[in-house]
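Here is what each chain is made of, one letter per residue.
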Amino acid sequence: MPKAAPAAGAGPRRAEAGPRRGRGGAPRQPIASTGVAYWVLKIILTPVLHVFYRVRVEGREHIPGEGPVVIACNHVSFCDSVFLPLVLRRRITFVAKAEYFEDRRTAWFFRAVGQIPIVRGGGSDSERALVSARAVLDGGGVFGIYPEGTRSPDGRLYKGHTGVARLALQCHAPVVCAALCGTREAQPIGARLPRPFSAIRVRFGPPLRPDELAAGPDDPLALRRITDEIMWRIGELSGQEYVDTYAKRGGSEGPGAAVAAPVVRIPLTEPVPPPSPAEPAGVGAS
């Protein structure tokens, strides 16, 4: 039988489909609306947070005023992704677990503060994050990354994944190392909200330009050395004790889980050591 024609005035039926997805498999978000929301929220929250928290910034002049830049930072608290955008004059974008965007009551906030959801499954999470990051940097934006890959379970600084070096080399973007101090005390793991009147210090170091220091993004030795240099610089800014192993997602606090060790810093101009086994090029998602 022939299908009945649609009623007069009725538009064509739209196929039922899930949310549109952008590059990297993440749900596409309206850029204009999220951009406006970011600055509106920043204008509102900046004076409020400065009233309730003693925020101090050092080295902000090291951040380029324009062009792509990667900000590599330690990660000790959930509120790191709130205080870091607070002190920057440019918009910064992060990647975050898609679980944070499942609740409509909170998803708008994470998008507004410049976070991109990573949908797990159906491919490499790290590659999805790198695709999203490259899109931001190719557009001349600022991308924030936690090289440890997750929050530190005990406040120490853990070994960095090489995704930060690969990203900087592929996009020819400088890396500005940063350190957040006091956010863990303000909001320990498990706390719902930061404690008011806590002292927060954000430090930035001079930019590192990996494209001037290595041959290319496919050299694993160069990636490892650049990443170690980035972690050494972060440790110098934060004063954290370094652990030469990767942090585990959802790891519990407590002594004895990982042994602290000094960062072995090899000048980037010296010969490289023998290669180590392949490792994931992770991108940090809190």
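Given the structure is predicted, the values throughout are model-derived calculations rather than measurements.

What follows is about the overall build of the protein chain. In terms of regular secondary structure, the protein chain is built from 7 helices and 9 strands. Put simply, of all contacts in the protein chain between residues at least 6 apart along the chain, 76% involve residues at least 24 apart. Accessible surface computed for the protein chain: about 15,000 Å², of which carbon and sulfur atoms make up 58%.

Ranked by internal contacts, the top residues of the largest apolar core, which has 30 residues, are Val70, Ala72, Leu137, Phe143, Leu167, Ile230 and Ile234. Put simply, the parts of the chain that give this core at least two residues each are strand S2 (69–73), helix H4 (125–138), strand S5 (142–145), helix H5 (163–171), strand S7 (175–181) and helix H7 (220–238). In contact with Ile230, other than residues within four places in its own chain, are Ala72, Val164, Val175, Cys177 and Leu208.

Across the two faces of S5 the burial is the same, with Val142 and Gly144 and Phe143 and Ile145 all buried. One ladder, built from 4 bridges, connects S2 with S5; its direction is parallel. Counted as the bridge partner of Val69 is Val142 from S5.

Here the structure, examined in full by the defined rule, presents 6 salt bridges. Salt-bridge contacts for Arg56 lead to Glu58; the nearest nitrogen and oxygen are separated by 3.6 Å. Judged by its relative accessible area of 48%, Arg56 is partly exposed. Here Arg233 and Glu229 are joined by a salt bridge, their closest N and O atoms 3.0 Å apart.

On the surface, a nonpolar cluster with roughly 400 Å² of combined accessible area is contributed by Val48, Val51, Phe52 and Phe197. Take Val48: it is sitting in helix H1 (residues 31–52). The exposure class assigned to Val48 is partly exposed, which follows from its relative accessible area of 38%.

What follows concerns the confidence of the model for the protein chain. Of the residues in the protein chain, 71% reach a pLDDT of 70 or more, and the chain-wide mean stands at 79. Every residue in residues 11–33 scores below 50 in pLDDT, and together they form 27 contacts with partners more than four places removed in sequence or on other chains.

Take the environment of Phe94 next. With respect to the helices and strands, Phe94 occurs in strand S3 (residues 92–97). Classification of Phe94 by relative accessible area gives buried; the value is 1%.

Once that is clear, we can look at the packing of H5 against H7. The contact between H5 and H7 brings their axes to 8 Å, and the two run at 110°. The orientation of H5 relative to H7 falls into the category roughly perpendicular. Contacts from Val164, Ala165, Arg166 and Leu169 of H5 reach H7 at Leu223, Ile226, Thr227 and Ile230. Counted by class, the contact of H5 with H7 contains 6 nonpolar, 1 polar and 1 charged residues.

Under the criterion given, the structure shown has 4 aromatic pairs. Relative to Phe197, the ring of Phe52 lies with its centre 6.0 Å away and its plane at 45°, an arrangement referred to as tilted. Here the residue Phe52 occupies a position in helix H1, and Phe197 occupies one in the loop between helix H6 (183–186) and strand S8 (199–204), the gap between them amounting to 145 residues. When the centroid spacing of 5.4 Å and the interplanar angle of 85° are considered together, the rings of Tyr53 and Phe83 count as edge-to-face. With a gap of 30 residues between them, Tyr53 in the loop between H1 and strand S1 (54–58) and Phe83 in helix H2 (residues 80–87) connect regions that are remote in the sequence.

Time to look at the environment of Ser132. As for its placement among the helices and strands, Ser132 is situated in helix H4. Sequence separation between Ser132 and Val95 is 37 residues; the distance between their C-alpha atoms is 7.8 Å.

This part takes up the pairing of S8. Only one face of S8 is buried, namely the one carrying Ile200, Val202 and Phe204, since none of Ala199, Arg201 and Arg203 on the opposite face is buried. Of the pairings in the sheet, the one linking S1 to S8 comprises 5 bridges and is parallel in character. Its bridge partner being in S8, Arg54 is matched across the sheet by Ala199. Direction of pairing for S7 relative to S8: antiparallel, over a ladder of 4 bridges. In the strand pairing of S8, Ala179 is matched with Arg203.

All chains considered together, the criterion is met by 0 disulfides. Not engaged in a disulfide, the cysteine Cys73 finds its nearest cysteine sulfur in Cys181; these two sulfurs lie 8.8 Å apart. Judged by relative accessible area, Cys73 falls into the buried class, the value being 1%.

Parameters and conventions
Residues numbered from 1 in each chain as written. Predicted model: local features only at pLDDT ≥ 70, side-chain atom pairs only at ≥ 80, totals over all residues. Heavy atoms only, no water. Helix = DSSP H or I, 4+ residues; strand = E, 2+ residues; numbered from the N terminus. Contact = heavy atoms within 4.5 Å. Areas by Shrake-Rupley, 256 points an atom, 1.4 Å probe, with all protein chains shown as cover. Core = buried A, V, L, I, M, F, W, Y, C linked by side-chain atoms within 4.5 Å. Buried < 20%, exposed > 50% of the residue type's maximum accessible area, 1.4 Å probe, protein only. Pairing = 2+ DSSP bridges. Salt bridge = Lys/Arg side-chain N within 4 Å of Asp/Glu carboxyl O. Patch = residues over 30% accessible without salt bridge, like charges linked within 9 Å, V, L, I, M, F, W, Y side chains within 5 Å. pLDDT = per-residue confidence, 0-100. Axes fitted to C-alpha atoms, helices over the stretch in contact; angles between N-to-C directions. Parallel < 35°, antiparallel > 145°, perpendicular 65-115°, else oblique. Nonpolar A, V, L, I, M, F, W, Y, C, P; charged D, E, K, R; others polar. Phe/Tyr/Trp six-rings, centres within 6.5 Å; stacked < 30°, edge-to-face > 60°. Disulfide = S-S within 2.5 Å.

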